[in-house]
Amino acid sequence: MKNSFFILAHKPVKYNCNIDNRYKILQCGSALSNKKFGDILDNTGNNISYKNKYWVETTGIYWIWKNCKSDIKGHTQYRRFLSVNLDLVSNILEKYDIILASPVTWNCSLEQQYLFTHNINDLCDCEKIIKEKYKNYSISYDITIKRNKWLYYSNSFIAKQNIYDNLCEFCFSVLEDFEKMHNFSCYENVYEHEHMFCTNHKFHRQIIEDFKKGHPETNDMVYIQSMVFGYLFEKLSLLKVLELFILFIIFISCLFFILVSFLFSLILLNKFVGVIF
């Protein structure tokens, strides 16, 4: 049985801990960068690497879906990885359908949480696409997005090939329709990635829908694994190090100025009180 595991990355990274060498760095957005650092580039084979500015790590997921034919395959979001022991993955997936990061819980529904932090119109557009294209998912969408208060975060999962590919087929079919409805060049800063936040919710919704069918009475569809055993630190350029050093000096100088001002104020206050009394 062939297994493939990928860490998605858009910048050179170094590890702050030991990482299983079976994880391969999949460089996302390779078509848009002159720097080549990954074990694999996402602009090879069947790819959408040129969309990385707006599709972010999803260009890497697309590459895995279209080009990796391993029996088991998985990926982790930019610079992160799951803490699962890769030697145990095959045995885990004999009992469970998918390995995911621990869910994040809010004190409101996913829809309300999205409203607080993103453009709710984009999520509404995704809802419209899903309910028109996959009518049998309407009820599960409402339950998952409008009632649930937790989310399998980070677009990271490991599964057998058929499950991995089914998830991707659903999500990318929705994404492609979403893309036709929007001009991403009008999005600014983080909002140019707005539809990728929607993608996280779509993967989550599809996981709930598909796996509850296979295990209606149990929770054995999902194996929860802590996310992140360790972050991957980005390599810092000399200019960036110098910038951080200057900011540190400014910070220390401000603290010193505040301390001196405080002591000087105490001295003046002490003299003033002495004159009065």
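Conventions we followed
What you see as residue numbers is a count from 1 along each chain, following the sequence as written. A pLDDT threshold of at least 70 governs which residues receive local features in this predicted model, and a stricter bar of 80 or more applies before side-chain atom pairs are shown or counted, although totals over entire chains, interfaces and linings include all residues. Based on all heavy atoms of the structure, the side-chain values leave hydrogens and waters out of the count. Every helix listed is a DSSP run of H or I at least four residues long, and every strand listed is a run of E at least two residues long, numbered separately from the N terminus. Residue exposure (1.4 Å probe, protein chains only): buried if accessible area is under 20% of the type maximum, exposed if over 50%, otherwise partly exposed. Between two residues, a contact is recorded if the distance between any of their heavy atoms is within 4.5 Å. Per-residue and other accessible areas follow the Shrake-Rupley method at a 1.4 Å probe size, with only the shown protein chains counted as cover for residues. By convention in these notes, a salt bridge is any Lys or Arg side-chain nitrogen within 4 Å of a carboxyl oxygen on Asp or Glu. Pairing of aromatic side chains here covers Phe, Tyr and the six-membered ring of Trp, requires ring centres within 6.5 Å, and sorts the geometry by plane angle: under 30 degrees stacked, over 60 edge-to-face, intermediate tilted. Geometrically, a lysine NZ or arginine CZ counts as sitting over a ring once it is within 6 Å of the ring centre and also within 35 degrees of the ring normal. DSSP-based pairing: two strands are paired if at least 2 bridges between them are found. This arc is taken over the directions from the axis of the helix to the C-beta atoms. In this description, the term disulfide denotes a pair of cysteine sulfurs within 2.5 Å.

1. Considering the overall build of the chain
Here is step 1: Along the backbone of the chain there are nine helices and eleven strands.
Here is step 2: Expressed as a percentage of the 277 residues in the chain, the buried residues total 44%.
Here is step 3: For the chain, the proportion of contacts with a sequence separation of at least 24, taken over those separated by at least 6, is 72%.
Here is step 4: Per element, the accessible surface of the chain, about 15200 Å² overall, is 58% carbon and sulfur.

2. A word on the pattern of salt bridges
Here is step 1: In the structure shown here, the tally under the stated rule is eleven salt bridges.
Here is step 2: Notably, a salt bridge pairs Asp 87 with Arg 22, separated by 2.8 Å at the nearest N-O pair. In this pair, Asp 87 sits in the loop between strand 5 (72-76) and helix 3 (89-95) while Arg 22 sits in the loop between strand 2 (13-15) and strand 3 (23-27), placing the two residues 65 residues apart along the sequence.
Here is step 3: With a relative accessible area of 53%, Asp 87 lands in the exposed category.

3. A closer look at the packing of aromatic side chains
Here is step 1: One pass over the full model with this rule turns up ten aromatic pairs.
Here is step 2: Seen in terms of ring centroids, Tyr 134 and Tyr 137 are 5.6 Å apart; in terms of plane orientation they differ by 15 degrees. Their pairing is stacked.
Here is step 3: Residue class for Tyr 137 comes out buried when judged on its relative accessible area of 9%.
Here is step 4: Aromatic pair Phe 157 and Tyr 164: ring centres 5.1 Å apart, planes at 50 degrees, arrangement tilted. Residue Phe 157 shares its accessibility class with Tyr 164, and that shared class is buried.
Here is step 5: Positioned over the ring face of Trp 65 is Lys 66, at 4.0 Å from the centre of the ring.

4. Topic: the pairing of strand 5
Here is step 1: Burial within strand 5 is extensive, with five of its five residues counted as buried.
Here is step 2: Alternating positions in strand 5 separate into two faces, Ile 72, Gly 74 and Thr 76 on one and Lys 73 and His 75 on the other, with burial throughout.
Here is step 3: In terms of strand pairing, strand 5 meets strand 9 (residues 157-160) through four bridges, oriented antiparallel. Each bridged residue has a counterpart across the sheet, and for Ile 72 the counterpart in strand 9 is Lys 160.

5. A few points about helix 6 (residues 138-146)
Here is step 1: Among all positions of helix 6, only Ser 138, Ser 140, Tyr 141, Thr 144 and Ile 145 are buried. Axial view of helix 6: buried residues confined to an arc of 155 degrees, hence all on one face.

6. So, the state of the cysteines
Here is step 1: Taken as a whole and assessed by the stated rule, the structure comprises zero disulfides.
Here is step 2: Free cysteine: Cys 171, not disulfide-bonded; nearest cysteine sulfur from Cys 168 at 7.2 Å.

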